[in-house]
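The primary structure of each chain is shown beneath.
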Amino acid sequence: MSEVKLSATTRTEFGKGAARRIRRDSKVPGVLYGHGSDPLHLTLPGHELLLALRTPNVLIALDIDGKSNELAIPKSVQRDPIKGFLEHVDLQLVTRGEKVNVEIYVHTEGDLAPGAFLLEHVLNALPVEAEATHIPESVTVSIEGLSAGDSILAKDIPLPSGTKLGVDGDTVVLQILAAQAEEAAGEESEGGTESAEA
């Protein structure tokens, strides 16, 4: 798991006007919370934070005002819905060795059995419990040869050492559907529309 160092400063101005001024300076307002301490309002470097957040569940080593060093993971990221720039970030305080609950992406490898099948991600991300400094970025599962009616459960996904499932093992993560059934349903509804018009 990668660790990214960022310098942050505490902020005392709040509200939309203050947030806009921070963003105009290519910075991002954020809040650091956890471990029963009062939330700490921060200003973070926009470009460096954006690069860091490209890594899922990135571990961020914060240098706050040049005085204290804290470890944190992103818990909530708000982006502008049109332009995509960062508007605000919530960071959770963590310590080395601490267990945290996060979601990790599920990647697939291999090919489905020959035929018209669709792979449905019932869960795009798998809830797990892992050590804060050893959170896996993702897990990979094979779908080789699977066909309609097959599914992959949470307990079927190999997890790295020290990582535990955060959901019931029988939770469906991936399932294979027959594509023809969906196409046929679409044709029937189209046909129904035509006959109604005629």
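As a starting point, this report considers the structure included with it. (Residues numbered from 1 in each chain as written. Predicted model: local features only at pLDDT ≥ 70, side-chain atom pairs only at ≥ 80, totals over all residues. Heavy atoms only, no water.)

## Thoughts on the nonpolar core
Thinking step 1. If you look at the biggest cluster of nonpolar residues, it comprises 24 residues, and the most contacted ones within it are Val106, Leu126 and Ile157.
Thinking step 2. Contributions of two or more residues to this core are made by strand 4 (59-64), strand 5 (68-79), strand 7 (99-109), strand 9 (125-131), strand 10 (138-142) and strand 13 (172-178).
Thinking step 3. Per-element accounting of this core gives the leading share, 4 residues, to strand 7.
Thinking step 4. If we ignore the near neighbours within four places in the chain, the residues touching valine 106 are His121, Asn124, Leu126, Val139, Val141, Ile157, Val173 and Leu174.
Thinking step 5. One finds Leu53, Leu62, Leu86 and Leu91 within the second-largest nonpolar core, a separate group that totals 17 residues. (Core = buried A, V, L, I, M, F, W, Y, C linked by side-chain atoms within 4.5 Å. Buried < 20%, exposed > 50% of the residue type's maximum accessible area, 1.4 Å probe, protein only. Helix = DSSP H or I, 4+ residues; strand = E, 2+ residues; numbered from the N terminus. Contact = heavy atoms within 4.5 Å.)

## Looking at helix 1 (residues 16-24)
Thinking step 1. Looking at helix 1, one finds that the buried residues are Ala18, Ala19 and Ile22. Considered in projection along helix 1, the buried side chains sweep an arc of 100° and stay on one side of the axis. Relative to its buried face, helix 1 has exposed residues pointing more than 90 degrees away, namely Lys16 and Arg24.
Thinking step 2. Residues of helix 1 that are buried in the fold lie against strand 2 (27-34) and strand 3 (37-45).
Thinking step 3. Two residues or fewer after helix 1 comes serine 26, characterised by a positive phi angle close to 60°. (Arc of directions from axis to C-beta.)

## Focus on the sheet that holds strand 7
Thinking step 1. The strand order 10-7-9-12 describes an open sheet built from 4 strands, whose pairing is mixed. The open sheet terminates on both sides in strands that have one partner only, identified here as strand 10 and strand 12 (164-165).
Thinking step 2. Relative to strand 10, strand 7 runs parallel, the two sharing 5 bridges. Bridge assignment links tyrosine 105 to a residue of strand 10, and that residue is serine 138. (Pairing = 2+ DSSP bridges.)

## Structural notes on the environment of isoleucine 73
Thinking step 1. Within the secondary structure, isoleucine 73 is located in strand 5.
Thinking step 2. Overall, isoleucine 73 belongs to the buried group, its relative accessible area being 0%.
Thinking step 3. Between the alpha carbons of isoleucine 73 and leucine 91 there is a distance of 5.5 Å; along the sequence they are 18 residues apart.

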